[in-house]
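The primary structure of each chain is shown beneath.
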Amino acid sequence: MWLTSKEILMFPWFSVFALLQIWDTAGQERFRSVTHAYYRDAQALLLLYDITSKVSFDSIRAWLTEIHEYAQKDVVIMLLGNKADMSSERVIRTEDGESLAREYGVPFMETSAKTGMNVELAFLAIAKELKQQAVRQLDEPRFQIHDYIESEKRRSNCCTFL
């Protein structure tokens, strides 16, 4: 379904608010032709695949190719393997997701929409990256989204059930 949800989230940081408008296309192929218009204006894209579906994982390369063709050059992209709570039905290894993310130079983590595992972290990381892009001075070090995600996962001990 096109736009299965549209959410607006606000995160406060040091008196600055990041407004995230979330559009969920559910990855359906029938809407692929109209997503190009959304890529052009997007500042960030979260690509999810279902860890219990090879078809879902295999479609990620096509989505990434389109994003690199149509999106802004500085768009923030994150790859998420969803349904981490269903490890007994897993068909895509965590290592495969990590490898694909490394190949495209994007951060990766596994999430569970059902349990909420890493969902907030994914949005916080994206929001922090966007904030840093907006306010960063040329002489400041760049925000390291990969390092931030790894440190937050270690700090919260998020993934012990995987």
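Thresholds applied
Residues numbered from 1 in each chain as written. Predicted model: local features only at pLDDT ≥ 70, side-chain atom pairs only at ≥ 80, totals over all residues. Heavy atoms only, no water. Salt bridge = Lys/Arg side-chain N within 4 Å of Asp/Glu carboxyl O. Helix = DSSP H or I, 4+ residues; strand = E, 2+ residues; numbered from the N terminus. Buried < 20%, exposed > 50% of the residue type's maximum accessible area, 1.4 Å probe, protein only. Pairing = 2+ DSSP bridges. Phe/Tyr/Trp six-rings, centres within 6.5 Å; stacked < 30°, edge-to-face > 60°. 1 Å grid on protein atoms, 1.4 Å probe; cavity = no way out; pocket = protein on both sides within 12 Å on 5 of 7 lines; lining within 4 Å. Points joined across faces, edges and corners; volume = space filled by probe spheres on them. Polar contact = N/O pair within 3.5 Å; in protein donor to acceptor, adjacent residues only side chain to side chain. Expected span 1.5 Å × (residues − 1). Core = buried A, V, L, I, M, F, W, Y, C linked by side-chain atoms within 4.5 Å. Contact = heavy atoms within 4.5 Å.

As annotated in an unreviewed UniProt entry, the chain carries the name RAB37, member RAS onco family and is attributed to Naja naja.

Caption draft 1: Representation of the pattern of salt bridges in the model. Inspection of every chain in the model, using the stated rule, returns 5 salt bridges. Between Lys83 and Asp50 there is a salt bridge, and its shortest N-O distance comes to 3.1 Å. Taken together, the residues span a long stretch of sequence, with Lys83 in the loop between strand S4 (76–82) and helix H4 (94–104) and Asp50 in strand S3 (residues 44–50) at a distance of 33 residues. Judged by relative accessible area, Lys83 falls into the partly exposed class, the value being 32%. The salt bridge partner of Asp96 is Arg93, with a shortest N-O separation of 2.7 Å. By relative accessible area, which is 25% here, Asp96 ends up partly exposed.

Caption draft 2: Inspection of the pairing of S4 at higher detail. Within S4, 7 of the 7 residues are buried, which leaves the element mostly enclosed by the surrounding structure. Burial of the side chains of S4 extends over both faces: Val76, Met78, Leu80 and Asn82 are buried on one face and Ile77, Leu79 and Gly81 on the other. For S3 and S4, the ladder comprises 7 bridges, and the chain directions are parallel. Within S4, the position partnered with Ala44 by the bridge is Val76. Where S4 lies against strand S5 (residues 108–110), 3 bridges are found, and the strand directions are parallel.

Caption draft 3: Geometry of the packing of aromatic side chains. Evaluated as defined, the whole model comprises 2 aromatic pairs. Pairing Tyr49 with Phe108 gives two aromatic rings, centres 6.5 Å apart and planes at 10°, and the pair type is stacked. With Tyr49 in strand S3 and Phe108 in strand S5, the pair connects residues that are 59 residues apart, well separated along the chain. Of the two residues, Tyr49 and Phe108, neither departs from the other in class, the shared state being buried. Counting every residue linked through ring pairs, the aromatic cluster contains Tyr49, Phe57 and Phe108.

Caption draft 4: Focus on the layout of surface pockets. The computed volume of the second largest pocket comes to approximately 340 Å³. Along its surface, the second largest pocket is lined by 20 residues, and Val75, Val76, Ile77, Gly105 and Val106 are the ones closest to its centre. At the level of elements, helix H3 (60–70), S4, helix H5 (119–135) and helix H6 (145–156) are the ones that each hand at least two residues to the lining of the second largest pocket.

Caption draft 5: Inspection of the environment of Arg93 at higher detail. Counting through the fold element by element, Arg93 comes out in the loop between S4 and H4. A residue is classified by how much of its surface remains accessible, and Arg93, at 48% relative accessible area, is partly exposed. For the pair Arg93 and Ile51, spaced 42 residues apart in sequence, the C-alpha separation works out to 7.5 Å. A polar contact of 2.7 Å, which involves the side chain of Arg93, links it to the side chain of Asp96.

Caption draft 6: The arrangement of H5 in detail. For H5, which comprises 17 residues, the first-to-last C-alpha distance of 25 Å matches the rise-based estimate of 24 Å (1.5 Å per residue) to within 8%. Taken together, the buried positions of H5 are Leu121, Ala122, Phe123, Leu124, Ala125, Ile126, Ala127, Glu129, Leu130 and Gln132.

Caption draft 7: Structural context of unusual backbone geometry. With a phi angle near 75°, Lys83 is a residue other than glycine that sits in the positive phi range. Even without glycine at this site, Asn118 takes up a positive phi of about 65°. Exposure remark for Asn118: the relative accessible area of 8% places this residue in the buried category.

Caption draft 8: Geometry of the nonpolar core. Among the nonpolar cores identified, the biggest contains 20 residues, and Leu47, Tyr49, Ile60, Ile67, Ile77 and Leu79 are the most heavily contacted of them. Ranked by residue count, the leading element in this core is H3, at 4 residues. Sequence-distant contacts of Leu47, that is, excluding residues within four places in its chain, are made with Ile60, Trp63, Leu64, Ile67, Ile77, Met78, Leu79 and Leu80. With 13 residues, the next largest nonpolar core counts Ala125, Ile145, Tyr148 and Ile149 among its residues.

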